[in-house]
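Now for the letters of each chain:
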Amino acid sequence: MELPEEEEEEEEEEEADWLCRDPGDKGCRKLHIAAPRDPSSHGKAWLVGTAPHRVIVHTDLDCFYAQVEMLHNPELRGKPLCVQQKYLVVTCNYEARELGVKKLMSVKEANEKCPQLVLVNGEDLTKYREMSYKVTALLEEFSPLVERLGFDENFVDITEMVGKRLEQLQRDGSSKVAVSGHVYNNQAIDLDDTVHVRLVLGSQIAAEMREAMHSRLALTGCAGVASNKLLSKLVSGTFKPNQQTVLLPESCQDLIGSLDHIKKVPGKKASVTVFL
C-alpha cells in the first residue's frame, strides 16, 4: 500500500478502526458488523467482525504511482522505474523490482542496484489523487458501500449484489458457478454450501471490477474476496500482480497462522482472539 506522506496520519486512523470489538461499539461504521461471540468455538479462532453471509472485496492497485506515471508518459513502459519522494523510493514498477529495487529503499541504494533506473519525482500528489478518485467512483458503480484506504486500495461491500445473483441462480435452477482467480490453499469448493457459493459469486464480481479498471482506466490490480475487510485485505496479496484470491471460511485459520509477524495484521486496534 502506498501512503502519501501528507495523509499518513489520517490513513492510520482508518486502519485502526477496521474491526469492531463489540457489536454495540459506537465506532462501528456501515462495514463494521461484528459477529456474535460463540462460546462453543473451542479450539477455533473467532475473528471479530466476521459474518459468514457478508462478501467484501479488497482491491489493491499494482505499483499505483508507477502505473500513473506510465500512463502519463508511455515511453516509461518496459523500463525500470521508481517514484521518489525526498530521498526514498515510494514505489517502483515490476521491471525495477526484478533488478532488486524495493519500496522504501533509499534512492542512492536503488541507483546502485539498478544504474539504468528511471527516477520520477512523486512529491506532487495531484495526478495520483485524481486517478485514485476515478477508481473509487468506478467501484461505486458496482456497490455504494465503498471505503477508501489510501490512494491505491478500496474495500467494497458487495453482499447485496451477491445476494441478488444467488437469487437469480436459484430462480434459474442453475448449479453452474465457477470461481474467478485463485482459491486460498487450493481449497475445494462445496457448491452445496451457500457461504462457498456466495464467495465464489463474489470472486466473479471482483473479476468484473478489475476488468472495468483495466478497460476504462488502463490500471491493473489485485483483489481479495472474503467475509470481512481484514481477511479480504490479508488474502488479496497472495498472488501478485494483477490476480485475485478468494478465502473460504475453513482456510481463515491457516491464513492467520501463516502470518510471520503481528505487524502483518493491519490496524492498531484490529484483534484476533483465539479460544483454546
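Anything mentioned here points back to the structure above.
Summary of the structure given here. (Residues numbered from 1 in each chain as written. Predicted model: local features only at pLDDT ≥ 70, side-chain atom pairs only at ≥ 80, totals over all residues. Heavy atoms only, no water.)

## Topic: the overall build of the protein chain
Of regular secondary structure, the protein chain possesses nine helices and eleven strands. Relative to its full complement of 276 residues, the protein chain shows a buried share of 49%. Within the protein chain, contacts between residues separated by at least 24 positions form 64% of all contacts whose residues are at least 6 apart in sequence. Element-wise, carbon and sulfur atoms account for 50% of the exposed surface of the protein chain, whose accessible area totals about 13800 Å². (Helix = DSSP H or I, 4+ residues; strand = E, 2+ residues; numbered from the N terminus. Buried < 20%, exposed > 50% of the residue type's maximum accessible area, 1.4 Å probe, protein only. Contact = heavy atoms within 4.5 Å. Areas by Shrake-Rupley, 256 points an atom, 1.4 Å probe, with all protein chains shown as cover.)

## Comments concerning the nonpolar core
Generally speaking, soluble globular proteins have nonpolar side chains that are buried together. In this structure, Phe64, Tyr65, Tyr128 and Ile158 are the most contacted members of the largest nonpolar core, which totals 39 residues. Sorting the residues of this core by element identifies strand 2 (56-61), helix 2 (64-72), helix 5 (126-140), helix 6 (159-172), helix 7 (194-217) and strand 9 (221-226) as the ones contributing at least two each. Broken down by element, the residue count for this core peaks at ten residues, all from helix 7. Grouped together as the second largest cluster of nonpolar side chains are ten residues, Tyr184, Leu234, Cys252 and Leu255 included. (Core = buried A, V, L, I, M, F, W, Y, C linked by side-chain atoms within 4.5 Å.)

## Description of the sheet that holds strand 5 (residues 118-121)
With respect to topology, three strands assemble into an open sheet ordered 4-3-5, the strand pairing being mixed. This sheet does not close on itself; its edge strands, each paired only once, are strand 4 (88-92) and strand 5. Each strand of the sheet is rotated relative to its neighbour by a mean of 40°, with strand direction disregarded. Bridge count for strand 3 (residues 81-85) against strand 5 is four bridges, and the pairing is parallel. (Pairing = 2+ DSSP bridges. Axes fitted to C-alpha atoms, helices over the stretch in contact; angles between N-to-C directions.)

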